[in-house]
Amino acid sequence: MRKLDVAGPRGIIRRYRDHLPVGDDTPVVTLDEGDTPLIFSERLSSKVEAEVWLKYEGLNPTGSFKDRGMTLAISKALEEGSQAVVCASTGNTSASAAAYAARAGMVCAVLIPEGNVALGKLAQALVHGAKVFEIEGNFDQAQKLTQQMSEQHPFTLVNSVNPYRVEGQKTAAFEVVEALGRAPDLHVMPVGNAGNITAYWRGYREAHELTWSSSLPAMFGFQAEGANPIVRGEIVQDPKTVATAIRIGNPASWSGAVDAATSSGGRISSVRDKEIIEAYKGLAEEGVFVELASAAGVAGLLEMHRAGAVPAGSTIACVLTGHGLKDPDWAMSTAPRPRKVEADIEVILAQLDMA
Ligand SMILES: *Cc1c(COP(=O)(O)O)cnc(C)c1O
């Protein structure tokens, strides 16, 4: 069969093999994740008087950045002879784990918090054949159970406490540096379980050590106000926010987030749900469809600008963590209904006010 002439290796393991913990015998379980667009935002740039670039991670194979870590976690699990993986998930981890486990021929068990998982994410886990359990409890309780399953039973844990997850996810920072020619001045993103901010900070530091970038960014992470344990400095027992992907009261990578913010001269702050929803709508208005949690970074950036904390003319990378199609219920609940009309051009034009 003729091979397609593709530009360079595909998938983050093949592209960044020299910078990841893989050897010649590591199987590569991939869906060609990574290499996502870094989109220039005219609207946000003029709003905050800086150069704003959107790292659109919703365009990974299962629609979120989780795929970068999952390709490595599942490949390593397979290399180590594991036949089953388990994860607790607010949705996207399970969607990704289910897809990559299916590809590897492994069993995938998923524990999700009752009633709080967006429809698209649940559909993905089910379609890929994961064994999905809805726990009568929240994410943090689900996470505790998976920990026990991996310690006492032959399941490999693929939550972000799995060290390969963060290793894989750091490649997003490599891509930002490649696209900009250096690290941005400011890096902004949502924070939930805090694995991703830990990963970006590691990626930027490695890129700096490799001299791909002469500078390091200041890292700014944003939690939702009702789910902001890192900001408060204490566990939030009953976290609340419309942004389900960051509804986490006791982040597994808490110290990684604190380290990223403090050693880079950045900060972890909170944004209100109202601001998250506004940022979500604003992104949609410029053609970029994300899920609510993904808009938390943009909401935070706008808040920083209002506080005079965005240096004029600076370069800013803003991570959009997941695709808007993940949560069709939310999208439909706020958008106007389609109008029912006769199949008549005059009627339609009249309604459009363009007749
Ligand atoms: C997982 C996830 C987050 C939070 O990432 P952490 O690594 O848990 O901080 C944010 N947004 C989306 C869409 C996610 O799936």
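Basis of the calculations
Residues numbered from 1 in each chain as written. Predicted model: local features only at pLDDT ≥ 70, side-chain atom pairs only at ≥ 80, totals over all residues. Heavy atoms only, no water. Helix = DSSP H or I, 4+ residues; strand = E, 2+ residues; numbered from the N terminus. Rg over C-alpha atoms; globule rule 2.2 N^0.38 Å. Buried < 20%, exposed > 50% of the residue type's maximum accessible area, 1.4 Å probe, protein only. Contact = heavy atoms within 4.5 Å. Areas by Shrake-Rupley, 256 points an atom, 1.4 Å probe, with all protein chains shown as cover. Lys, Arg positive; Asp, Glu negative; His and termini not counted. Charge placed at Lys NZ, Arg CZ, Asp CG, Glu CD. Near = heavy atom within 4 Å. Polar contact = N/O pair within 3.5 Å; in protein donor to acceptor, adjacent residues only side chain to side chain. 1 Å grid on protein atoms, 1.4 Å probe; cavity = no way out; pocket = protein on both sides within 12 Å on 5 of 7 lines; lining within 4 Å. Sits in = over half its atoms within 2 Å of the grid points. Nonpolar A, V, L, I, M, F, W, Y, C, P; charged D, E, K, R; others polar. Axes fitted to C-alpha atoms, helices over the stretch in contact; angles between N-to-C directions. Parallel < 35°, antiparallel > 145°, perpendicular 65-115°, else oblique. Left-handed = near helix turned anticlockwise from the far one by under 90°. Domains from an automatic or database assignment. Buried area = accessible area lost by both parts, 1.4 Å probe. Salt bridge = Lys/Arg side-chain N within 4 Å of Asp/Glu carboxyl O. Phe/Tyr/Trp six-rings, centres within 6.5 Å; stacked < 30°, edge-to-face > 60°. Points joined across faces, edges and corners; volume = space filled by probe spheres on them.

**Q** Describe the overall build of the chain, with residues and values.
**A** A tally of regular secondary structure across the chain gives 15 helices and ten strands. Taking 2.2 N^0.38 as the reference for a compact globule, 355 residues should give roughly 20 Å; the C-alpha atoms of the chain span a radius of gyration of 20 Å, in line with that estimate. The principal-axis extents of the C-alpha atoms in the chain amount to approximately 65 × 55 × 50 Å. Expressed as a percentage of the 355 residues in the chain, the buried residues total 54%. Across the chain, the fraction of contacts at a sequence separation of at least 24, relative to all contacts at a separation of at least 6, is 71%. Carbon together with sulfur atoms contributes 52% to the accessible area of the chain, which is approximately 16,000 Å² in total. The averaged location of the 42 negative side-chain charges in the chain is 1 Å from the averaged location of its 33 positive side-chain charges.

**Q** I'd like a rundown of the site of the ligand, residues and numbers included.
**A** In the vicinity of the ligand, 16 residues are found, and the nearest of them are K66, N92, N193, A194 and T321. In this structure, A194 approaches the ligand through a main-chain N or O atom, which is 2.8 Å from an oxygen atom. Taking 380 Å² as the accessible area of the ligand by itself, protein coverage stands at 97%. According to the grid-proximity analysis, the pocket containing the ligand is the largest cavity. Residues belonging to the shell around the ligand are distributed by class as follows: six nonpolar, eight polar and two charged.

**Q** Any details on the packing of helix 9 (residues 195–209) against helix 11 (residues 254–264)? Residues and values, ideally.
**A** In contact at an axis separation of 8 Å, helix 9 and helix 11 are set at 45° when each is read in the N-to-C sense. In terms of orientation, helix 9 and helix 11 fall into the oblique class. For the element pair helix 9 and helix 11, the recorded crossing hand is left-handed. Note on element contacts: helix 11 touches helix 9 through G256, A257, D259, A260, S263 and S264, opposite I197, T198, W201 and R205. For the contact of helix 9 with helix 11, the per-class residue count stands at four nonpolar, four polar and two charged.

**Q** Account for the domain arrangement of the chain, naming residues and giving values.
**A** As assigned here, the chain comprises domain 1 (12–64 + 165–333) and domain 2 (66–161). For domain 1 versus domain 2, the separation of C-alpha centres amounts to 22 Å. Each partner contributes residues to the interface: domain 1 has 49 residues there, and domain 2 has 36 residues. Taking both partners together, domain 1 and domain 2 bury about 3,300 Å²; carbon and sulfur atoms supply 52% of that area. Applying the counting criterion to the domain 1 and domain 2 interface returns three salt bridges. E291 is paired through a salt bridge with K121; the nearest N and O atoms lie 2.7 Å apart.

**Q** Could you give me a rundown of the packing of aromatic side chains, with the residues and numbers involved?
**A** Applying the stated criterion to the full structure yields five aromatic pairs. With a centroid separation of 6.3 Å and an interplanar angle of 40°, the aromatic rings of Y200 and Y204 are classed as tilted. Of the two residues, Y200 and Y204 are both situated in helix 9; the distance of four residues between them amounts to about one turn of the helix. As far as burial versus exposure is concerned, Y200 and Y204 are alike and both buried. Joined through ring pairs, the aromatic side chains of Y16, F174 and W212 make up one cluster.

**Q** For empty space enclosed by the protein, give the residues involved together with the corresponding values.
**A** Summary: where empty space remains is shown by rolling a probe the size of a single water molecule over the atoms. In the structure shown here, the tally under the stated rule is one cavity of 30 Å³ or more. Around the largest cavity, the lining is made up of 29 residues, and of these F65, K66, G192, N193 and A245 lie nearest the centre. Elements that contribute at least two residues to the lining of the largest cavity include exactly helix 4 (92–104), helix 7 (163–169) and helix 9. Per-element tally for the lining of the largest cavity: the top contributor is helix 9, with three residues. Looking at side-chain class alone, the lining of the largest cavity contains eleven nonpolar, 15 polar and three charged residues. Taken domain by domain, the lining of the largest cavity gets at least three of its residues from each of domain 1 (12–64 + 165–333) and domain 2 (66–161).

**Q** Any chance you could break down the environment of C108 for me, citing the residues and the numbers?
**A** Within the secondary structure, C108 is located in strand 4 (residues 107–113). In this structure C108 comes out as buried when scored by relative accessible area, which is 4%. Spatially, the C-alpha atom of C108 lies 8.1 Å from that of C87, the residues being 21 residues apart in sequence. Residues contacting C108, with those up to four places away along its chain left out, are V85, A97, A98, A101, A130 and K131.

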